[in-house]
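Architecture and fold: a report
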Amino acid sequence: LKKSEKLYSSLFKNMLNGFAYCKMIFEEDRPVDFIYLAVNDAFEQQTGLKNVTGKRVSDVIPNIREIDSNLLEIYGHVAMTGKPEKFETYVKTLNMWFSVSVYCPEREYFVAVFDVITERKMIEEKIRTHIERLSFALDAAKAGTWEWDVITDENIWSEELWRVYGIEPHSCKPSYETWKNIVHHRDREGVEKTVREAREKGKELNFEFRVIDRYGTERTLMSRGKPAFDGEGHIKRYTGIVLDITERKVIEAEREMLASAIEQSGETVVITD
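Since this is a predicted model, take the numbers as computed values, not measurements.

As paired strands, strand 1 (residues 18-27) and strand 5 (residues 109-116) are joined by six bridges and run antiparallel to one another. Looking across to strand 5, one finds that Lys 23 is bridged to Tyr 109. Pairing of strand 4 (residues 96-103) with strand 5, which is carried by six bridges, proceeds in the antiparallel orientation. Residue pairing for strand 5: Ser 99 is matched across the bridge by Asp 115.

Structure representation (structure tokens):
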């Protein structure tokens, strides 16, 4: 028994997760407060809250009942039903994000084991913002990104790429074969040869091809991709971008026609954008 108690005490003291053993206080079966019965060192280190044992949370964190009432609701539900919960939540009164696992050792009591994940959430928010900006830029540029695992043939297409290809989003499984079937039949043999040679030589991809979208419109696209290699120097994947250059090709054709017409007429004209 002494060995078990010593082991439990050591675990409780040295665990990196915050730990709080509490008694929930109810009024008319509604959770309104709770008392800290025991906390570990990590609790104080992560939250910055000191000397909380024996105190009500409403005294330790003023206004928590009004501002973060959802937290009391979750803890109260676990303490009454005995059903454990795992969740992430933002505690406004502490200005922190928490990842919490909570269980009930006996009715009206609960144990919360947690980590402060504020830094991770801030990083996730930065990533989300970056993705939104990238998505906006790709959409405005009529472009989409792709990744092709040449070993498994697994393809990853960005949401924008479906629109660039003129396919109903997620109407089929992205793959090399799916892409090949999108390519205009008159361009298919040529681009397959280009891709095959680039893959064999470990070179970058850079080529143009035409597609007929689901509305029957012919468009011209340009695909560029960079290879990634394994430790033995073999290509394992390509990552790239596809741009819709239909308008550019139309303008180029019009300029060529105009230049040809001027040349035939014998006039001297400077062509500008």
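Mapped onto the secondary structure, Arg 219 falls in strand 9 (residues 218-229). At a separation of 3.2 Å, a polar atom in the side chain of Arg 219 contacts the side chain of Asp 213. Side-chain polar atoms of Arg 219 contact the side chain of Asp 244, separated by 2.8 Å.

Our next topic: the nonpolar core. Side chains of nonpolar character tend, in soluble globular proteins, to be buried together. Residues Phe 34, Tyr 36, Phe 43, Tyr 75, Val 100 and Phe 110 are the most contacted members of the largest nonpolar core, which totals 29 residues. Every element with two or more residues in this core is listed here: strand 1, strand 2 (30-39), helix 3 (57-60), helix 5 (69-81), strand 3 (85-91), strand 4 and strand 5. Here this core takes five residues from helix 5, the largest share from any one element. Ile 167, Ile 182, Val 191 and Val 195 belong to the second-largest nonpolar core, a separate cluster that totals 24 residues.

Within this structure, the stated rule accounts for 18 salt bridges. One salt bridge in this structure joins Glu 88 and Arg 120, with 2.5 Å as the shortest N-O distance. Here Glu 88, found in strand 3, pairs with Arg 120, found in helix 6 (residues 118-140); they are 32 residues apart in sequence, far enough to count as distant. Of the residues examined, Glu 88 reaches a relative accessible area of 39% and is grouped as partly exposed. Relative accessible area serves as the criterion here: at 35%, Arg 120 is assigned to the partly exposed category. Between Arg 120 and Glu 124 there is a salt bridge, with the nearest N and O atoms lying 3.1 Å from each other. Note that Arg 120 and Glu 124 are positioned in helix 6 at a spacing of four residues, about one turn of the helix. Among the residues examined, Glu 124 registers a relative accessible area of 36% and is labelled partly exposed.

Right, let's talk about the pairing of strand 2 for a bit. Bridging between strand 1 and strand 2 involves eight bridges; their strand directions are antiparallel. Each bridged residue has a counterpart across the sheet, and for Tyr 21 the counterpart in strand 2 is Ala 38.

By the element assignment, Gly 48 lies in the loop between helix 2 (41-47) and helix 3. Residues Gly 48 and Leu 94, 46 residues apart in the sequence, show an inter-C-alpha distance of 9.3 Å.

So, how was this worked out
Residues numbered from 1 in each chain as written. Predicted model: local features only at pLDDT ≥ 70, side-chain atom pairs only at ≥ 80, totals over all residues. Heavy atoms only, no water. Pairing = 2+ DSSP bridges. Helix = DSSP H or I, 4+ residues; strand = E, 2+ residues; numbered from the N terminus. Polar contact = N/O pair within 3.5 Å; in protein donor to acceptor, adjacent residues only side chain to side chain. Core = buried A, V, L, I, M, F, W, Y, C linked by side-chain atoms within 4.5 Å. Buried < 20%, exposed > 50% of the residue type's maximum accessible area, 1.4 Å probe, protein only. Salt bridge = Lys/Arg side-chain N within 4 Å of Asp/Glu carboxyl O.

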